[in-house]
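What the coordinates show
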Amino acid sequence: MKKLMLTCATAALISTGAMAQSTVVTTTTGTGHAATVQIEPECRTKIRTYVTEHKMRPVRETIVVGQPVPREVELESVPADWGPSLTKYRYVYSGERVMLVDPSTRTVVQEID
């Protein structure tokens, strides 16, 4: 029975993996806070290119993953071409790093280096 379940689970993963075009996977903790956001390397490159081409001015405040962004820092909207799964976030450019921010809590959920 275990072998059958493992085979079915493997087949399901393979079949959905071929069709999936997801950019972001968000895992939540028991408290409901986002723990990680995984972004594919191609998307990371696209984000860095966007920030470089648009000559984004970095903020001066210290921005740390897991901590809220100060209220005086303006959050930028994520462009649609970064992928539909990222548009729920906002971002801040801070010292050569793009930080993804949950706009409802202003908490930094991911650093894109």
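Predicted, not measured: the structure shown is a model, and the values here were computed from it.

Some thoughts on the confidence of the model for the chain
In low-pLDDT regions, the fine details of the predicted coordinates are not to be read closely. Overall, the predicted model of the chain reaches an average pLDDT of 74, with 68% of residues at or above 70. For the stretch residues 1–35, pLDDT sits under 50, and the model shows 29 contacts to residues farther than four places along the chain or on other chains.

Quick look at the sheet that holds strand S4 (residues 90–94)
Taken in spatial order, the four strands make up an open sheet running S3-S4-S5-S6, and their pairing is antiparallel. With one partner strand each, in any of the chains shown, strand S3 (76–77) and strand S6 (107–112) form the two edges of the open sheet. Bridge analysis of S4 against strand S5 (residues 97–102) gives five bridges, and the strand direction is antiparallel. Pairing of Ser-94 across the sheet is with Arg-97, part of S5. Running at roughly 95 degrees to S6, helix H2 (residues 41–53) makes contact with S4, S5 and S6 of the sheet.

Focus on the nonpolar core
Core analysis: the biggest nonpolar cluster contains 16 residues, and Leu-86, Tyr-91, Val-98 and Leu-100 have the highest contact counts within it. Looking at this core, the elements with two or more residues in it are strand S2 (34–39), H2, S4, S5 and S6. Broken down by element, the residue count for this core peaks at three residues, all from H2. Residues in contact with Leu-100, not counting those within four places in the same chain, are Val-37, Ile-39, Val-78, Leu-86, Tyr-89, Arg-90, Tyr-91, Thr-107, Val-108, Val-109, Gln-110 and Ile-112. Of all hydrophobic cores here, the second largest spans eight residues; its members include Val-69, Val-92, Val-101 and Val-108.

Conventions we followed
Residues numbered from 1 in each chain as written. Predicted model: local features only at pLDDT ≥ 70, side-chain atom pairs only at ≥ 80, totals over all residues. Heavy atoms only, no water. pLDDT = per-residue confidence, 0-100. Contact = heavy atoms within 4.5 Å. Pairing = 2+ DSSP bridges. Helix = DSSP H or I, 4+ residues; strand = E, 2+ residues; numbered from the N terminus. Axes fitted to C-alpha atoms, helices over the stretch in contact; angles between N-to-C directions. Core = buried A, V, L, I, M, F, W, Y, C linked by side-chain atoms within 4.5 Å. Buried < 20%, exposed > 50% of the residue type's maximum accessible area, 1.4 Å probe, protein only.

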